[in-house]
Amino acid sequence: MRLDGWVNIDRFPAPAADFIYDIRYGIPARELRYIYAEHFLEHLSYSDGMKFLHDCRAALDADGVLRLSTPNLDWVYRTQYHPEEWKSDQEAVRDCFWMNKAFRAWGHQFLYNMPTLRSALREAGFATIEQCAFRESAHEALRDLEQHETWQDLPDMPHVLIVEAHGQETSSEPILEELASDYLLASSAR
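Residues numbered from 1 in each chain as written. Predicted model: local features only at pLDDT ≥ 70, side-chain atom pairs only at ≥ 80, totals over all residues. Heavy atoms only, no water.

Draft legend 1. Spatial organisation of the overall build of the protein chain. Assigned secondary structure in the protein chain consists of five helices and six strands. The N-to-C order of helical and strand elements in the protein chain reads β-β-β-α-β-α-α-α-β-β-α. Its C-alpha radius of gyration of 17 Å places the protein chain within 12% of the 16 Å reference for a compact globule of 190 residues. Here the C-alpha coordinates of the protein chain stretch approximately 55 × 35 × 35 Å along the principal axes. Residue pairs at least 24 apart in sequence account for 74% of intrachain contacts in the protein chain once pairs closer than 6 positions are excluded. Just so you have it, the protein chain exposes about 11200 Å², and 54% of that area is on carbon and sulfur atoms. Averaging the positions of the 18 positive and the 32 negative side-chain charges in the protein chain gives two centres separated by 3 Å. (Helix = DSSP H or I, 4+ residues; strand = E, 2+ residues; numbered from the N terminus. Rg over C-alpha atoms; globule rule 2.2 N^0.38 Å. Contact = heavy atoms within 4.5 Å. Areas by Shrake-Rupley, 256 points an atom, 1.4 Å probe, with all protein chains shown as cover. Lys, Arg positive; Asp, Glu negative; His and termini not counted. Charge placed at Lys NZ, Arg CZ, Asp CG, Glu CD.)

Below you can see the structure in the form of structure tokens.
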């Protein structure tokens, strides 16, 4: 969907796109006030996702804000996988396919939970990460942007993580680095 008043970028020709560009090669702009990426991060490999977050921090001005929405891995697990309720092999098979669909369907490559997304954003150089509600923001320009369909949230957990990251801070997230290295090593062993 096209967002009026924004520069809309897509990797493939589309009516909503102002520019055709593969963002995995970097962001060809600097001193931006806002970057908005809706249901995009999960379509990148973990490595490409981290590069994208670093590139966003580099493209934003000092006070610039990145707003992201991405499926919530914790919600997927709690709503799609129910081993304690299995009464038959068919239910176990169903849950297996539901989980794999959430992970791999629609081109998903890596799903985040809030602690991992927060760590990734800190590692990318953002100082402040704030979780936001659907279409809500302290920044007028970032309100009412989400176009993606919604699912039923759990009372204590949204189905989609929506965050705004801003500020600059050099940070190292040792647990993220350690676990990411292990994940990438296992992923490349295929």
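So much for the structure itself; the text now carries on.
Draft legend 2. Representation of the nonpolar core. One finds Phe-52, Leu-53, Leu-66, Leu-68, Leu-121 and Phe-126 to be the most contacted residues of the largest nonpolar core, which totals 29 residues. Mapped by element, the contributors of at least two residues to this core are strand S3 (32-38), helix H1 (46-59), strand S4 (60-71), helix H4 (114-123), strand S6 (160-166) and helix H5 (174-188). By residue number, the principal contributor to this core is H1, which donates six residues. (Core = buried A, V, L, I, M, F, W, Y, C linked by side-chain atoms within 4.5 Å. Buried < 20%, exposed > 50% of the residue type's maximum accessible area, 1.4 Å probe, protein only.)

Draft legend 3. Molecular detail of the pattern of salt bridges. Applying the stated rule across the entire model yields ten salt bridges. Across the pair Asp-22 and Arg-24 runs a salt bridge whose closest N-O atoms are separated by 2.6 Å. Overall, the relative accessible area of 14% leaves Asp-22 in the buried class. Relative accessible area serves as the criterion here: at 30%, Arg-24 is assigned to the partly exposed category. Salt bridges here are not isolated pairs; linked through shared partners, they connect Arg-2, Asp-4 and Asp-18. (Salt bridge = Lys/Arg side-chain N within 4 Å of Asp/Glu carboxyl O.)

Draft legend 4. Region of interest: the sheet that holds S4. Read across the sheet, four strands follow the order S3-S4-S6-S5 without closing on themselves; strand pairing throughout is mixed. Strands with a single pairing partner mark the edges of an open sheet, and in this sheet they are S3 and strand S5 (128-131). Each strand axis lies, on average, 15° off the axis of its neighbour in the sheet, ignoring direction. Alignment of S5 against S6, held across four bridges, turns out to be antiparallel. Bridging from a neighbouring strand, Thr-128 pairs with His-166 of S6. Its contacts with the sheet put H4 on S4, S5 and S6, and the angle it makes with S6 is roughly 25°. (Pairing = 2+ DSSP bridges. Axes fitted to C-alpha atoms, helices over the stretch in contact; angles between N-to-C directions.)

Draft legend 5. Up close: the side chain of Thr-79. With respect to the element layout, Thr-79 can be found in helix H2 (residues 73-80). Residue classification places Thr-79 among the buried residues on the basis of a relative accessible area of 18%. Within the local environment of Thr-79, its side chain forms a polar contact with the backbone oxygen of Trp-75, the two atoms lying 2.8 Å apart. (Polar contact = N/O pair within 3.5 Å; in protein donor to acceptor, adjacent residues only side chain to side chain.)

Draft legend 6. Focus on the packing of aromatic side chains. In the structure shown here, the tally under the stated rule is nine aromatic pairs. Ring geometry for Trp-6 versus Tyr-34: centroids 6.4 Å apart, planes at 50°, classification tilted. Residue Trp-6 is located in the segment before strand S1 (9-10), and its partner Tyr-34 is located in strand S3; the two are separated by 28 residues in the primary sequence. For Tyr-34, a relative accessible area of 23% corresponds to the partly exposed category. Between the aromatic rings of Phe-40 and Phe-52, the centroid separation amounts to 5.0 Å while the plane-to-plane angle is 70°, which identifies the pairing as edge-to-face. Here the residue Phe-40 occupies a position in the loop between S3 and H1, and Phe-52 occupies one in helix H1, the gap between them amounting to twelve residues. Cluster of aromatic residues (ring-pair linked, three or more members): Tyr-46, Phe-110, Tyr-112 and Tyr-183. Its end group placed over the ring of Trp-98, Arg-94 keeps NZ or CZ at 4.6 Å from the ring centre. (Phe/Tyr/Trp six-rings, centres within 6.5 Å; stacked < 30°, edge-to-face > 60°. Lys NZ or Arg CZ within 6 Å of the ring centre and 35° of its normal.)

In short, geometric facts, not functional conclusions.
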